[in-house]
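# Structural overview
Chain residues, written in single-letter form:
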Amino acid sequence: MIVTRFAPSPTGPLHLGHAFSALTAADLAASSGGRFLLRIEDIDRSRARPEWERLIEEDLTWLGLDWPRPVMRQSDRLPVYHAALDRLWTSGLLYPCTCHRRDIEAAARAPQEGGEPVVGPDGIVYPGTCRHRHDRSGPMPYALPLRLDMAAAMQRVGDLTAAKEIGAAPVAPTEPSHMIDTIGDVVLSRRDMGTSYHLSVVVDDAAQAVTHVVRGADLSDATPIHLLLQRLLGLPAPIYLHHRLIRDEAGKRLAKRDDARAISAYRADGLGPSDIRRMVGL
Ligand code: GLU
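A brief look at the structure comes next.

Thresholds applied
- Residues numbered from 1 in each chain as written.
- Predicted model: local features only at pLDDT ≥ 70, side-chain atom pairs only at ≥ 80, totals over all residues.
- Heavy atoms only, no water.
- Helix = DSSP H or I, 4+ residues; strand = E, 2+ residues; numbered from the N terminus.
- Rg over C-alpha atoms; globule rule 2.2 N^0.38 Å.
- Buried < 20%, exposed > 50% of the residue type's maximum accessible area, 1.4 Å probe, protein only.
- Contact = heavy atoms within 4.5 Å.
- Areas by Shrake-Rupley, 256 points an atom, 1.4 Å probe, with all protein chains shown as cover.
- Lys, Arg positive; Asp, Glu negative; His and termini not counted.
- Charge placed at Lys NZ, Arg CZ, Asp CG, Glu CD.
- Expected span 1.5 Å × (residues − 1).
- Pairing = 2+ DSSP bridges.
- Axes fitted to C-alpha atoms, helices over the stretch in contact; angles between N-to-C directions.

This part covers the overall build of the protein chain. If you tally the helices and strands in the protein chain, you get 10 helices and 10 strands. Taken over the C-alpha trace, the protein chain has a radius of gyration of 20 Å; the compact-globule value for 282 residues is 19 Å, and the two agree within 12%. A principal-axis box enclosing the C-alpha atoms of the protein chain has dimensions of 60 × 40 × 35 Å. Across the 282 residues of the protein chain, 49% fall into the buried class. In the protein chain, once contacts between residues fewer than 6 apart in sequence are set aside, the share between residues at least 24 apart is 80%. Roughly 13,300 Å² of accessible area belongs to the protein chain as shown, and the carbon and sulfur atoms make up 52% of that amount. Taking the 34 positively charged and 35 negatively charged side chains of the protein chain as two groups, their mean positions are separated by 1 Å.

Dropping the structure here:
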């Protein structure tokens, strides 16, 4: 059975891009008698707000979508993320990082690194300053940011190229050298969060038995990280479908702050769900 999900962060109103994503995921499940799930990705406690969460559910219901309750909320699942991190820590694949953003920029721009820093899915590829600075034995230092040692992780899993992707946007390359050079040692546990988007999304897609991850092409660069984490944690890999992005008249991707294109604004203007479907080309 096909299981899809929509996984918004409650940090602002849903706009046309979100509607497209949610409708595409729900339509795929409905076309095969499958299940469509909602998951609230609220690990960033400084930005997530209950009122946004309420508005998201209202907008989705207005669009004609329905999903099983109770809804999975990531802020309830910190112990589960902790356990996954602990497993990676015990395998020697994580290390604490005490660098500030400006240290990382300075190190990545240092003359011996040569040229402009490489920018990956999470910003500048980490230059490795803390990689061998801290002891990796003993209990996991959960209060510190933890990075994945990408070279060690790729050595552990070997080749990821067998991990499949279908859909419009091809998945980014997954060869070890590419993963090391263009993604690098990503943070898997952030300070004040105790987890990260990458870790939580992988653990939760597996916990919810999601078979098809439908999301925007802007996240396709993150997919190799997710395929890697699934291998390291022994989790099944869903099929990834990266859909086109909804853009404004100037060709710019819609962002949370594009309140003018918020679904709630169209609702207030008296438009209906079929107008929204038409506007996003469904
Ligand atoms: N929570 C993410 C966002 O709002 C989406 C996660 C995903 O679909 O993998 O951008």
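Turning our eyes to something else, we now look at unusual backbone geometry. Excluding glycine, residues mostly carry a negative phi; peptide bonds, for their part, are mostly trans. Omega for the peptide link from Arg 69 to Pro 70 comes to -5 degrees, which places this bond in the cis form. You can see Pro 70 is positioned in the loop between α2 (50-62) and β3 (72-73). At Asp 192, a position not held by glycine, the phi torsion is positive, near 70 degrees. Position of Asp 192 among the secondary structure elements: in the loop between β8 (187-189) and α7 (197-207). Despite not being glycine, Ala 209 has its phi angle at roughly 55 degrees, a positive value. Of note, Ala 209 is situated in the loop between α7 and β9 (212-216).

Taking 1.5 Å of rise per residue, the 15 residues of helix α1 (residues 16-30) would be expected to cover 21 Å, and the 20 Å separating its terminal C-alpha atoms lies within 8% of that figure. Burial within α1 is extensive, with 11 of its 15 residues counted as buried. Residues of α1 that are buried include every one of Leu 16, Gly 17, His 18, Ala 19, Phe 20, Ser 21, Ala 22, Leu 23, Ala 25, Ala 26 and Ala 29, and no others.

Further remarks concern the sheet that holds β3. The three strands are arranged β1-β2-β3 in an open sheet whose pairing can be described as parallel. Two strands lie at the open edges of the sheet, namely β1 (3-6) and β3, each paired on one side alone. For β1 and strand β2 (residues 35-40), the ladder comprises four bridges, and the chain directions are parallel. Each residue of the ladder has a partner; that of Arg 5, found in β2, is Leu 37. Those strands touched by α1 are β1 and β2, and its axis lies near 165 degrees from that of β1.

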